[in-house]
Amino acid sequence: MVKVVGVKFRKPGKIYFFDSGKLDIKIGDNVIVETSLGKEYGVVAINPRGLPEEKIGKEIKKIIRIADKEDRKHQEENLKNEKKAFETCLKKIKEHGLNMNLVEARYIFDNSKLLFYFTADGRIDFRELVKDLASIFRTRIELRQIGVRDEIKRMGGNGICGRELCCCSFLNDFDTVSIKMAKEQNLSLNAAKITGSCGRLMCCLRYEQNVYEDKMKNLPKMGAIVSTEDGEGVVEGIEVLNEILKVKLKDEDDNYYYKKYNASDVKVLKEGKSEIESDMTEEELKELEAMEKMDEIDKENTNDEDI
């Protein structure tokens, strides 16, 4: 059995696991660990737990020590120096005329490396900028391009729900979010209502998607002709989670009216369209499709490697 603990290196960030050995560690403790980037200063986010060696998969690095007074002082100095490094890098970006938005400057705890995170539309040739920064800070310099989702994750903020943004509180990875999800969840396809602070489709669209997909397998599609207790009609609306159908019927005078039925109480006579219909305009569709495309571009250009 190996005793492992979960460690975070910044508040809105991933949790990485390390071997705690014989150290008496608990949540909230600051620790010094060895990473692929160098020695890092982190905080314990998950209490120690025993795991069989075969479940770990690969060799897990050990925690070097619990942070002491000198370590905490050094980390505070690094945080102050990061602010200065950020301002210096901003100045140099302007001097080189680079079309990039600097997001964060970060020192590795042992000062073996200084990382700058930025966003940009497409690839940026920053080789001359790196040379300038290396001559100023006398340490190894790395520039890493990130997506706008990662940018907001680092900046923080609240969503339209009033709570802290998911990416800033618990979300570690960004899964693909599509217009199709919004359609299937019967959400308004108004871009202003389904986009987050980052200007991309909201991550929370992904959370219930599996439930919607499972339920829709057993429901008629839009436009399906169904048999009800009141006669034949056409499915005009679907409440997926409640499994309720809005059916368009015709009375004896050939007037149309609508009535809702439990999906279990109707019989499908002819299948309908492949997805829930949307009344969005072509312009709105293009706007949302552009967001999807930008998400793909962000992922292609992002160079935010793991610890």
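Computed from a predicted structure; not experimentally measured. (Residues numbered from 1 in each chain as written. Predicted model: local features only at pLDDT ≥ 70, side-chain atom pairs only at ≥ 80, totals over all residues. Heavy atoms only, no water.)

Q: Sorry, what's going on with the environment of Leu-129 here?
A: Relative to the helices and strands, Leu-129 resides in helix 3 (residues 127–137). According to the relative accessible area criterion, Leu-129 is buried, its value standing at 1%. As for Leu-129 and Ile-93, which are separated by 36 residues in sequence, their C-alpha atoms are 7.0 Å apart. (Helix = DSSP H or I, 4+ residues; strand = E, 2+ residues; numbered from the N terminus. Buried < 20%, exposed > 50% of the residue type's maximum accessible area, 1.4 Å probe, protein only.)

Q: What am I meant to see in the state of the cysteines here?
A: Linking two cysteines covalently through their sulfur atoms gives a disulfide. In the structure shown here, the tally under the stated rule is zero disulfides. Cysteine Cys-166 is unpaired, with the sulfur of Cys-204 as its nearest cysteine sulfur at 5.9 Å. (Disulfide = S-S within 2.5 Å.)

Q: Looking at this structure, how should I read the pattern of salt bridges?
A: Between side chains of opposite charge, a pair can form when the charged atoms approach closely. Counted according to the given criterion, the structure contains 16 salt bridges. We note a salt bridge from Arg-127 to Asp-125, for which the minimum N-O separation is 2.8 Å. The class for Arg-127 is exposed, based on a relative accessible area of 60%. Residue Asp-125 is classed as partly exposed on the basis of its relative accessible area, which comes to 47%. (Salt bridge = Lys/Arg side-chain N within 4 Å of Asp/Glu carboxyl O.)

Q: Help me understand the sheet that holds strand 12 (residues 256–262), please; the structure alone is not making it clear to me.
A: Within a sheet, adjacent strands bond to each other through the backbone by hydrogen bonds, running parallel or antiparallel. Within the open sheet, the five strands sit side by side as 12-11-10-9-13. Their pairing is antiparallel. The sheet terminates laterally at strand 12 and strand 13 (267–270), the two strands that pair on one side only. Strand-to-strand twist in this sheet, taken as the mean axis angle between neighbours without regard to direction, amounts to 45°. As defined by bridge partners, strand 11 (residues 244–250) adjoins strand 12 across seven bridges and the pair is classed as antiparallel. Paired with Lys-250 across the bridge in strand 12 is Tyr-256. (Pairing = 2+ DSSP bridges. Axes fitted to C-alpha atoms, helices over the stretch in contact; angles between N-to-C directions.)

Q: I'm lost on unusual backbone geometry in this one. Help?
A: Note on backbone geometry: most residues besides glycine have negative phi, and most peptide bonds are trans. One non-glycine residue with positive phi stands out, namely Arg-138, at about 55°. Mapped onto the fold, Arg-138 is located in the loop between helix 3 and strand 8 (140–145).

Q: Teacher, can you tell me more about the packing of aromatic side chains here?
A: The description of an aromatic ring pair uses the distance of the two centres, along with the angle that the planes make with each other. In this structure the tally under the stated criterion is five aromatic pairs. Aromatic side chains Phe-116 and Phe-137 sit 6.3 Å apart centroid to centroid with 45° between the ring planes, which places their arrangement in the tilted category. Here Phe-137 lies in helix 3 and Phe-116 lies in strand 7 (residues 113–119), a separation of 21 residues in the sequence. A residue is classified by how much of its surface remains accessible, and Phe-116, at 0% relative accessible area, is buried. Arranged with centres 5.8 Å apart and planes meeting at 80°, the rings of Phe-118 and Phe-126 form a pair that is edge-to-face. On the basis of relative accessible area, Phe-118 is assigned to the buried category, the value being 0%. The exposure class of Phe-126 is partly exposed, given its relative accessible area of 22%. Here the aromatic cluster, defined as three or more aromatic residues joined through ring pairs, consists of Phe-9, Tyr-16 and Phe-18. (Phe/Tyr/Trp six-rings, centres within 6.5 Å; stacked < 30°, edge-to-face > 60°.)

Q: Before we go on, may I ask you to explain a negative patch on the surface in this structure?
A: A surface patch of negative charge is lined by Asp-68, Glu-70, Glu-76 and Glu-77. Relative to the helices and strands, Glu-77 resides in helix 2 (residues 69–96). (Patch = residues over 30% accessible without salt bridge, like charges linked within 9 Å, V, L, I, M, F, W, Y side chains within 5 Å. Areas by Shrake-Rupley, 256 points an atom, 1.4 Å probe, with all protein chains shown as cover. Lys, Arg positive; Asp, Glu negative; His and termini not counted. Charge placed at Lys NZ, Arg CZ, Asp CG, Glu CD.)

Q: So what exactly am I meant to see when it comes to helix 2 here?
A: Think of an α-helix as turning once every 3.6 residues; residues three or four places apart then point the same way. For helix 2, with 28 residues, the first-to-last C-alpha span of 40 Å sits near the 40 Å given by 1.5 Å per residue. Listing the buried residues of helix 2 in full gives Asp-71, Gln-75, Asn-78, Glu-82, Ala-85, Phe-86, Cys-89, Lys-92 and Ile-93. Contacts from the buried residues of helix 2 go to strand 3 (30–35), strand 4 (38–51), strand 5 (63–66), strand 6 (101–107), strand 7 and helix 3. Capping the start of helix 2 is the job of one residue whose side-chain oxygen sits 3.1 Å from the backbone nitrogen of Glu-70: Asp-68. Following helix 2 by one or two positions, Gly-97 adopts a phi angle in the positive range, close to 65°. (Expected span 1.5 Å × (residues − 1). Contact = heavy atoms within 4.5 Å. Polar contact = N/O pair within 3.5 Å; in protein donor to acceptor, adjacent residues only side chain to side chain.)

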